[in-house]
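Listed here are the chains, written in short residue letters.
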Amino acid sequence: QVQLVESGGGLVQAGDSLRLSCAASGRMLSNYYMGWFRQAPGKEREFVAAISWGASSTEYADSAKGRFTISRDNAKNTVYLQMNSLKLEDTAVYYCAASRSWSGSRRNDYAYWGQGTQVTVSS
């Protein structure tokens with residue numbers, strides 16, 4: 001029903017900022033709740049942030065609060081993750097995901113996933 005493609009990852013230094021984008025196709029993004037997850041080597045995929053259809057509600061992992069901001073532009077079928085004050089522990093592959101209902105941090109409730117984009121933070 002929907003295809004998701006992440007972009008914007010790369011190699012940055014600690015303290016820098018980076019904005020990830022997730023472009024959707026197949027269906028209007030406004031019909032879906034969206035989330036960002038990340039996975040480091042050898043670790044489980046963990047929740048980062050989520051946003052509702054109309055961007056009226058957002059949810060963040062404790063590690064992201066105050067540093068990351070999730071937003072969406074339904075007209076462009078795009079979801080963003082603005083990451084500021086990046087830390088070494090933010091290094092991971094970042095994935096965007098879509099759900100037809102509010103799923104928040106519940107990874108298994110998201111039906112559609114992108115291929116991921118690598119974010120590497122160095123000191």
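Structure shown above.
### Considerations on the overall build of the protein chain
Looking only at helices and strands, one finds zero helices and 11 strands in the protein chain. Ordered by position in the sequence, the α and β elements of the protein chain form the string β-β-β-β-β-β-β-β-β-β-β. The globule rule puts the C-alpha radius of gyration for 123 residues at 14 Å, and the 13 Å found for the protein chain is close to it. Seen through its C-alpha atoms, the protein chain measures out along the principal axes to roughly 40 × 25 × 25 Å.

### Focus on the packing of aromatic side chains
Tallying each qualifying case throughout the model produces six aromatic pairs. Relative to Y112, the ring of Y32 lies with its centre 6.0 Å away and its plane at 90°, an arrangement referred to as edge-to-face. You can see Y32 sitting in the loop between β3 (18-25) and β4 (33-39) and its partner Y112 sitting in strand β10 (residues 112-113), a full 80 residues away along the chain. Just as Y32 is buried, Y112 falls in that class too. Here the aromatic rings of F37 and W113 are separated by 5.0 Å at their centres, their planes lie at 55°, and the arrangement is tilted. Within this pair, whereas F37 is found in strand β4, its partner W113 is found in strand β10, the two being separated by 76 residues in sequence. In textbook terms, an aromatic cluster arises when at least three aromatic residues are bridged by ring pairs, as seen for F37, F47, Y110 and W113.

The rules we used
Residues numbered from 1 in each chain as written. Predicted model: local features only at pLDDT ≥ 70, side-chain atom pairs only at ≥ 80, totals over all residues. Heavy atoms only, no water. Helix = DSSP H or I, 4+ residues; strand = E, 2+ residues; numbered from the N terminus. Rg over C-alpha atoms; globule rule 2.2 N^0.38 Å. Phe/Tyr/Trp six-rings, centres within 6.5 Å; stacked < 30°, edge-to-face > 60°. Buried < 20%, exposed > 50% of the residue type's maximum accessible area, 1.4 Å probe, protein only.

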